[in-house]
Amino acid sequence: MSKKPQHCCGFFCIYYCLKFAVSFLLIGQKNEFMKIGVVCYPTFGGSGVLATELGLGLAKKGHQVHFITYRTPFRLTSFQENVYYHEVNDLNYPLFEYAPYETTLASKMVDVVLHEGLDILHVHYAVPHASVAYMAKKILLTKGKYIPIVTTLHGTDITLVGKDPAMAPVVQFSINKSDGVTAVSHALKQETLEAFDIKKDIQVIHNFIDLNRFNRQNKDHFKQAIAPNGERIFIHVSNFRKVKRMEDVIQMFNIVQNQIPATLLMIGDGPERYKMEELCRELQLCETIRFLGKQEAVEELLAISDVFVMPSENESFGLAALEAMACGVPVISSNVGGIPEVNIDGETGYISDVGAVEEMAKNALDILSSEEKLDAFRKAALAQAHRFSLESILPKYEAFYAEVIDKEVYKTT
Ligand code: GMT
């Protein structure tokens, strides 16, 4: 009764030890030499920012990173060792009303994976990148190349766009067909599981911040120019879409500036800008609200700001709020989606129900009620941002890639 199980036990022990050793070697090797394809939107927006910063961070650690996008990502500003950029060709033909981006993207993925010998493809934003990656994967199989796909869900790809019946079947299918899936917050994971029939495990890897870039640098000369009489500086950064509820930013600021000298910086651009400028004129706030458009060095403006405002209708994470916090700026925000995972109510700022502009104004005034209070909020915001440092989050992606690649190796052998 005792002998056979002992043999069995011994055999399994040896088997698992060997398996562990091989995995360890593979993981170690992949960690050293990974060649990673990154697909993202190159436009202003959190998913593109995160994807670019992740790629750059990985490249700094020695991985080879290949960006595959239709335009240079806006934070990919200068040459960096180990970073490559492959532009997706824009094929236009009079027959097409819209150029077939999915087809050219899939073809570019196939080309880069094959000729650069990539180990893994990481696509940011499910629509349409996850389904295109699946197509590329299938094509590559016919050429004898196996490529694992990691899909990162960023928010609107699920909450606004992906859920829509016009897209849902493809989004669900391609998430389930990804070899690894990550979401940028627990809230987004939950929302994805509620919206779709998901068979894959979704790993939450929070967004991160490069603290070497985002910190409270001394930009007093900017402060002097923007708030010459010591006005409090409020700031909003977004892509000016409806979901950001920018009218709430302005209405809330209107209440505040009636009580204390203050100025508001509106950074970014997008479809809502005209309407917001009109609202400023109506409220006679043109002197105190400045629309500065898209800014490359947003950290310099954050560094002189006192309060960041994010009253969004929906926000899977709120990377812009994290960037502000890393510059020591407390956040007044709504309480939706993943925001409470980032902005701690009463500590790093305040959170309120969507649309509660009076409460938001009251909270902002509370933060600014004394230098001591503002300082305490600043310190807490900074400490919270440090929990999301690039150094602590990036290894999670590396480990996840290694795990996915490792799984694939076993699948194919
Ligand atoms: O906020 C946007 O409209 C842009 C969007 C994107 O995909 O670029 O941002 C989403 O991804 C960011 C990075 O993960 C998150 O920080 C944002 O919260 C999320 N936006 C929404 O969920 C509305």
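Summary of the structure given here. (Residues numbered from 1 in each chain as written. Predicted model: local features only at pLDDT ≥ 70, side-chain atom pairs only at ≥ 80, totals over all residues. Heavy atoms only, no water.)

**A few points about the pairing of strand 10 (residues 289-293)**
Only one face of strand 10 is buried, namely the one carrying Ile289, Phe291 and Gly293, since none of Arg290 and Leu292 on the opposite face is buried. In the sheet, strand 9 (residues 262-267) pairs with strand 10 via four bridges, with the strands oriented parallel. For Ile267, the partnering residue across the bridge sits in strand 10 and is Gly293. Note that the unit made of strand 9, helix 10 (residues 273-282) and strand 10 has a crossover that is right-handed. (Buried < 20%, exposed > 50% of the residue type's maximum accessible area, 1.4 Å probe, protein only. Helix = DSSP H or I, 4+ residues; strand = E, 2+ residues; numbered from the N terminus. Pairing = 2+ DSSP bridges. Right-handed = clockwise from strand over helix to strand, strands pointing away.)

**Remarks on the pattern of salt bridges**
As enumerated under the stated definition, the model contains 19 salt bridges in all. Close ionic contact of Arg378 with Asp306 constitutes a salt bridge, the shortest N to O distance being 2.7 Å. Residue Arg378 is located in helix 15 (residues 371-386), and its partner Asp306 is located in the loop between helix 11 (298-302) and strand 11 (307-310); the two are separated by 72 residues in the primary sequence. Accessibility classification places Arg378 together with Asp306 in one group, the buried group. Lys373 is the partner of Asp366 in a salt bridge, and the nearest nitrogen-oxygen pair spans 2.9 Å. Taking relative accessible area as the criterion, Asp366 reaches 23% and is therefore assigned partly exposed. Relative accessible area serves as the criterion here: at 31%, Lys373 is assigned to the partly exposed category. When salt bridges that share partners are traced, they join Arg232, Asp306, Glu371 and Arg378 into one network. (Salt bridge = Lys/Arg side-chain N within 4 Å of Asp/Glu carboxyl O.)

**Regarding the site of the ligand**
Neighbouring the ligand are 18 residues; Ser47, His154, Asn207, Lys244 and Glu315 lie closest to it. At 2.9 Å, a side-chain N or O of Asn239 approaches an oxygen atom of the ligand. The separation between an oxygen atom of the ligand and a polar main-chain atom of Leu319 is 2.9 Å. For the ligand, the protein covers 95% of the area, taking 490 Å² as the surface of the free molecule. Classifying every residue of the shell around the ligand by side-chain character gives four nonpolar, 11 polar and three charged. (Near = heavy atom within 4 Å. Polar contact = N/O pair within 3.5 Å; in protein donor to acceptor, adjacent residues only side chain to side chain. Areas by Shrake-Rupley, 256 points an atom, 1.4 Å probe, with all protein chains shown as cover. Nonpolar A, V, L, I, M, F, W, Y, C, P; charged D, E, K, R; others polar.)

**What about helix 2 (residues 46-60)?**
Compared with an ideal rise of 1.5 Å per residue, which puts 15 residues at 21 Å, helix 2 spans 21 Å between its outermost C-alpha atoms and is within 8% of the ideal. For helix 2, the buried fraction is high: 13 of the 15 residues fall into the buried class. (Expected span 1.5 Å × (residues − 1).)

**Looking at the packing of aromatic side chains**
Counting across every chain of the model gives nine aromatic pairs. Summarising the aromatic geometry, the rings of Tyr41 and Tyr125 are spaced 5.4 Å apart at their centres and angled 85 degrees between planes, so their arrangement reads as edge-to-face. With a gap of 84 residues between them, Tyr41 in the loop between strand 1 (35-39) and helix 2 and Tyr125 in the loop between strand 4 (120-124) and helix 4 (126-142) connect regions that are remote in the sequence. Judged by its relative accessible area of 13%, Tyr125 is buried. On the numbers, 5.8 Å between centres and 65 degrees between planes, the contact of Phe234 with Phe253 is edge-to-face. In this pair, Phe234 is assigned in strand 8 (residues 232-237) and Phe253 in helix 9 (residues 246-257), connecting sequence segments 19 residues apart. (Phe/Tyr/Trp six-rings, centres within 6.5 Å; stacked < 30°, edge-to-face > 60°.)

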